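Here is how the chains run, residue by residue.
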Amino acid sequence: MAYKVAGIIDCFGNPEFGPLTQHRPMASTSFLGRYSFIDFPLSNFLNSGILNMGILCQNHIRSLSKHVGNGRSWISNTKRGALEILYDEPNVANPAYNTDIADIIENKVFFKDVHPDYVIIVSPNFVYEADFSKLLDEHVASGDRITLLYTHVENGLRNHFIGADKIGISSRGKVNRMETNMGDEDSGDISMGCLILDYPMLESLVEYARSTSSFFNLDDCLKYLAPTVMIRTAKFEGYVRDFDSLPHYLEYSLELLDRKVFDSLFQEDWPLHTRTYDTVPVQCRAGSNVTNSYLANGSVIEGKVTGSILGRNVRIEKGAEVINSVIGNDVVISEGTHVENAVIDRDAQVLHVAEVIGSKEEPIYIARGDIV
Amino acid sequence: MKEEMVAMILAGGRGTRLKSLTAKVAKPAVFFGGKYRIIDFPLSNVANSGINAVGVATQYESTDLNNYIGSGRNWGLNGTNALASILPPRETPSGASWYLGTADAIYQNIDWLDKTHCKYVVILSGDHIYKMDYSDMLKFHKSNQADVTIACIKVPMAEAPRFGIVVADEKNLINEFQEKPKVPKSDYASMGIYIFTYDLLRKALIEDAKDEKSDHDFGKNILPTLLGAKKRLFAYPFKGYWKDVGTVQSLWEANMDLLDPNCELQLFSSRFKIYSADTASRPQYIAPSAKVEDSVINQGAQIYGKVIHSVICNEAIVEKGAKVKNCVILPAAVVKKGVKIENAIIGAKTVVSEDVIGEIDNVALVNAQEDK
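Residues numbered from 1 in each chain as written. Chains lettered and ligands numbered in written order. Predicted model: local features only at pLDDT ≥ 70, side-chain atom pairs only at ≥ 80, totals over all residues.

Q: Help me understand the overall build of chain A, please; the structure alone is not making it clear to me.
A: Across its full length, chain A holds 9 helices and 28 strands. A globule of 372 residues ought to have a C-alpha radius of gyration of about 21 Å, and chain A, at 21 Å, matches this closely. For chain A, the spread of C-alpha atoms along the three principal axes comes to 60 × 50 × 40 Å. Expressed as a percentage of the 372 residues in chain A, the buried residues total 49%. Pairs at least 24 residues apart make up 57% of the contacts formed inside chain A by residues separated by at least 6 positions. (Helix = DSSP H or I, 4+ residues; strand = E, 2+ residues; numbered from the N terminus. Rg over C-alpha atoms; globule rule 2.2 N^0.38 Å. Buried ≥ 20, exposed ≤ 12 C-beta atoms within 10 Å, placed from the backbone. Contact = placed C-beta atoms within 7 Å.)

This is the structure we're talking about:
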């Protein structure tokens with residue numbers, strides 16, 4: 001890549017998954033057993049040749065910093081590149097003021113050090129694999145100052161992408177309208193929360209936001225400016241989901257059990273990197289019965305698992321049954337228990353109750369470390 | 001740098017009896033247990049014993065092995081004050097020579113050992129599967145005021161002629177050492193793990209190097225000479241799992257051992273972890289059509305067929321209708337639709353499209369390397 005690029009992951013205003021995101025940001029929440037959501041943007045940046053990354057962190061910095069560590073898993077040259085968590089310490093206790101705009105201002109030294117020609121800002125709740133080097137080349141060739149990545153949804157806006165930004169596109173391909181999708185129409189174009197812009201443009205957006213309202217975030221700013229400022233659109237053709245709620249977390253996770261869906265998300269030669277835990281391979285013991293599932297290393301299975309996703313070091317004991325569920329790291333499902341349509345957070349144990357059963361619409365949630 | 005004890009790993013051997021598995025990689029780099037390479041065991045043992053400096057002597061087909069060891073990062077041996085050095089033979093002002101034997105490989109690196117200012121050296125093989133805390137062995141060495149301590153294990157008398165055999169008194173003082181004897185005097189076998197007091201080792205190596213008749217081998221030359229010179233050699237009794245995986249059959253057996261939940265190696269225990277390189281693999285996928293029992297499955301594997309009592313490495317694929325029993329499938333190998341394989345090792349990246357049936361005491365090896 002000929003330009004100096006800063007890849008920015010904006011963790012402000014990401015959807016919450018109820019109790020699942022009580023202690024952690026959505027970005028470092030577990031995904032498909034061995035990943036966290038933030039692995040997608042980080043790997044997209046790495047695979048696109050981007051060396052400098054910043055994470056705009058709204059809160060729960062412990063979980064985020066534990067996952068990304070020194071960033072080594074996603075940096076190709078650790079001298080020339082770096083991954084930094086950009087945290088707005090003064091405003092964390094002050095939610096109204098704690099915005100991505102304020103965070104960018106607080107951490108302007110990051111931008112000063114990296115000195116990027118271009119900035120690519122992404123939202124970790126949109127899960128997709130994209131080559132940003134190609135998108136950037138197209139952006140530069142267009143001569144426009146801002147590009148917004150979007151996906152066209154033919155049917156499904158009533159139930160999906162709720163709370164995401166719906167955009168109107170002019171005949172010249174520019175954004176002429178931007179509003180929150182409330183599910184009133186079933187088809188439309190949805191912003192994927194991804195902006196490509198030159199750094200001076202980001203500076204003017206920040207300045208504009210600051211001079212308008214101290215509570216403004218980047219998204220408010222764009223909504224305000226959409227009718228008057230030229231925002232180029234780039235259509236994304238691949239798989240994309242907006243993980244926007246706990247039921248959707250379960251639904252979209254399990255949807256990937258369909259290998260066609262899986263292959264449309266996971267591109268060949270586009271490795272998804274994550275933090276390594278040096279866990280042992282999975283043991284499917286005699287008498288176990290696993291079908292239609294994703295597993296992660298460290299798990300020991302003696303019972304039945306079907307249509308589910310297991311995290312690392314999960315233990316499914318003899319006679320236990322797990323159906324259509326997402327099971328977090330280090331969870332124990334004890335002998336003879338039955339778990340269905342559930343999201344079980346890490347370190348929990350299903351021990352005393354015979355059944356933990358939710359529905360697809362309302363999955364049952366067992367909190368981190370709980371024993372039930 | 002000043003370390004009390006440093007480690008030297010002898011990883012230069014070809015391992016001819018592993019046939020085509022070592023056609024392009026040295027024996028220590030051969031895959032084991034779903035996600036490991038053999039050398040992960042001594043390197044993890046070194047790390048877990050609190051040793052900060054390790055030299056790895058490599059020679060035969062060393063490119064992959066050297067790359068794999070790298071800075072020692074995968075075993076945490078790249079920290080501050082830590083040192084992981086790859087030590088292939090090199091040219092010096094006095095000329096150049098291959099490593100002529102195990103002792104010569106250490107002799108040629110005396111300068112490296114001198115720079116560590118160590119008091120003790122633990123010498124290890126790069127091709128054994130076991131977990132061991134060398135710091136316990138060092139305590140034993142010190143409390144006996146030993147010159148050399150040899151880790152020893154009881155073996156069946158019938159197998160004793162394959163090993164270096166030790167005859168020791170009730171206080172573990174060694175009276176006699178027999179290298180691969182036709183008529184063994186005991187069933188106490190050297191594991192090829194030695195702690196030397198460095199001053200003594202240094203002198204012994206220099207003397208041995210001058211001896212043109214010597215094979216420059218620890219078992220054949222150094223140890224008998226020291227014993228003859230009335231040095232204090234002690235046998236350190238090791239209890240636990242230890243396996244020399246020198247043949248296709250023994251490599252297969254050691255993999256099968258892992259499937260026993262009571263296997264003494266305790267590979268799956270979270271204590272004394274074995275570390276390995278991360279492979280950026282997808283989660284394990286077990287399809288609706290799959291049946292998996294009594295098996296170890298690593299991340300990245302995809303199972304559509306039937307897998308019984310087998311070890312499946314990362315990125316290996318068992319297609320629909322395929323039947324795999326008592327097998328070790330190495331990374332990225334593919335067992336095609338409907339193919340039946342039994343009692344076999346399938347080499348990395350090998351595509352198997354015909355049935356392969358080995359015998360339990362004479363397993364089959366199918367390896368794409370054979371065709372090259």
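Q: What am I meant to see in the interface of chain B and chain A here?
A: You'll often see interface size given as the accessible area lost when the parts meet. Each partner contributes residues to the interface: chain B has 26 residues there, and chain A has 25 residues. Secondary structure elements with two or more residues in the side of chain B that touches chain A: strand E14 (284-286), strand E15 (291-293) and strand E16 (295-297) of chain B. When the residues that make up the side of chain B that touches chain A are grouped by side-chain class, the tally is 14 nonpolar, 6 polar and 6 charged. Taken together, the 3 bridges between strand E16 (residues 293-295) of chain A and E14(B) define a ladder with antiparallel strand orientation. By the bridge assignment for E14(B), A:Leu295 is matched with B:Gln284. (Nonpolar A, V, L, I, M, F, W, Y, C, P; charged D, E, K, R; others polar. Pairing = 2+ DSSP bridges.)

Q: I keep staring at the sheet that holds strand E18 (residues 304-306) of chain A and nothing clicks. Help me out?
A: Hydrogen bonds along the backbone pair up the strands of a sheet, which may run parallel or antiparallel. All names here are of chain A. Taken together, 5 strands build an open sheet; the order of strands is E15-E18-E21-E24-E27 and the sheet is parallel. In this open sheet, the two edge strands, each paired with only one partner strand, are strand E15 (289-291) and strand E27 (355-357). Adjacent strand axes in the sheet meet at a mean angle of 5°, parallel and antiparallel pairs treated alike. When E15 meets E18, the two strands line up parallel, connected through 3 bridges. In the sheet register, asparagine 289 faces E18, and the bridge partner there is lysine 304. (Axes fitted to C-alpha atoms, helices over the stretch in contact; angles between N-to-C directions.)

Q: Could you clarify how one ought to interpret the domain arrangement of chain B in this entry?
A: Residue and element names in this part refer to chain B. If you check the domain split of chain B, you get domain 1 (5-251) and domain 2 (279-371). Placing the centre of domain 1 and that of domain 2 at their C-alpha centroids yields a distance of 33 Å. The interface is formed by 12 residues belonging to domain 1 together with 17 residues belonging to domain 2. With 3 residues, the top contributor of residues to the side of domain 1 that touches domain 2 is helix H8 (residues 248-257). Of the residues contributing to the side of domain 1 that touches domain 2, the split by class is 5 nonpolar, 4 polar and 3 charged. (Domains from an automatic or database assignment.)

Q: It is not clear to me how unusual backbone geometry should be interpreted in this structure. Could you clarify?
A: The general pattern is negative phi for most residues beyond glycine and trans for most peptide bonds. For A:Asp330, which is not a glycine, the phi torsion comes out positive at approximately 60°. Take A:Asp330: it is sitting in the loop between strand E22 (326-327) and strand E23 (332-333). Residue class for A:Asp330 comes out partly exposed when judged on the 18 C-beta atoms lying within 10 Å of it. You will see that B:His117, though not glycine, has its phi angle at about 50°, which is positive. Mapping B:His117 onto the fold places it in the loop between helix H4 (110-116) and strand E6 (120-125). With 13 C-beta atoms packed within 10 Å, B:His117 lands in the partly exposed category.

Q: What should I look at first to understand the pairing of strand E1 (residues 5-11) of chain B in this one?
A: The side chains of a regular strand alternate between the sheet's two faces. All names here are of chain B. E1 sits mainly inside the fold: 7 of its 7 residues count as buried. Of the two faces of E1, both are covered, the one formed by Met5, Ala7, Ile9 and Ala11 as well as the one formed by Val6, Met8 and Leu10. Sheet topology note: the E1/E6 ladder contains 6 bridges and is parallel. Looking at the pairing, leucine 10 lines up with serine 125 of E6. Both E1 and strand E4 (residues 53-58) contribute to a ladder of 5 bridges, which runs parallel. Each residue of the ladder has a partner; that of isoleucine 9, found in E4, is valine 56.

Q: Please explain the domain arrangement of chain A as it appears in this structure.
A: Residue and element names in this part refer to chain A. The domain boundaries assigned to chain A delineate domain 1 (5-265) and domain 2 (283-366). Taken over C-alpha atoms, the centre of domain 1 sits 32 Å from the centre of domain 2. Contact residues are listed per partner, giving 15 residues for domain 1 and 20 residues for domain 2. Ranked by the residues each element gives to the side of domain 1 that touches domain 2, the list is headed by helix H8 (residues 246-255), at 7 residues. Residue classes in the side of domain 1 that touches domain 2 are distributed as 9 nonpolar, 4 polar and 2 charged.

Q: How do you make sense of the pairing of strand E6 (residues 118-122) of chain A when you look at a structure like this?
A: Residues and elements named next belong to chain A. Across the 5 residues that make up E6, a large majority, 5, are buried. Of the pairings in the sheet, the one linking strand E1 (residues 5-10) to E6 comprises 5 bridges and is parallel in character. Residue glycine 7 lies in a different strand from E6, and its bridge partner there is isoleucine 120. Taken together, the 4 bridges between E6 and strand E11 (residues 188-198) define a ladder with antiparallel strand orientation.

Q: Honestly, helix H2 (residues 61-68) of chain A in this entry has me stumped. Any pointers?
A: Working note: α-helix, 3.6 residues per turn, so residues spaced by three or four point in the same direction. Residues and elements named next belong to chain A. When we look at burial in H2, the residues that qualify are Leu64, His67 and Val68. Down the axis of H2, the buried side of the element spans an arc of 85°, and every buried residue falls inside it. In this structure, H2 carries Arg62 and Lys66 as exposed residues pointing more than 90 degrees from its buried face. In this structure, the buried side of H2 is in contact with strand E3 (35-36), strand E4 (52-57) and strand E5 (82-87). Immediately beyond the C-terminal end of H2, within one or two residues, lies glycine 69, with a positive phi of roughly 55°. (Arc of directions from axis to C-beta.)

Q: What is the right way to read the environment of A:Cys221 from this model?
A: Residue and element names in this part refer to chain A. Here cysteine 221 is to be found in helix H7 (residues 218-225). Of the residues examined, cysteine 221 has 21 C-beta atoms within 10 Å and is grouped as buried. Spatially, the C-alpha atom of cysteine 221 lies 5.9 Å from that of alanine 209, the residues being 12 residues apart in sequence. Excluding residues within four positions of it along the chain, cysteine 221 makes contact with Leu205, Tyr208, Ala209 and Phe216.

Q: Whenever I open this one, the environment of B:Ala103 confuses me. Can you help?
A: All names here are of chain B. Mapped onto the fold, alanine 103 is located in helix H3 (residues 102-107). In sequence terms alanine 103 and isoleucine 123 are 20 residues apart; their C-alpha atoms lie 9.9 Å from each other. The residues contacting alanine 103, other than those within four sequence positions of it, are Leu205, Asp208, His216, Asp217, Phe218, Asn221 and Ile222.

Q: How do you make sense of the environment of B:Ser281 when you look at a structure like this?
A: Residues and elements named next belong to chain B. Along the chain, the position of serine 281 falls in the loop between H8 and E14. For the pair serine 281 and phenylalanine 196, spaced 85 residues apart in sequence, the C-alpha to C-alpha distance is 41 Å. For serine 281, the contacting residues outside a window of four places in its chain are Gln299, Gly300, Asn314 and Glu315.

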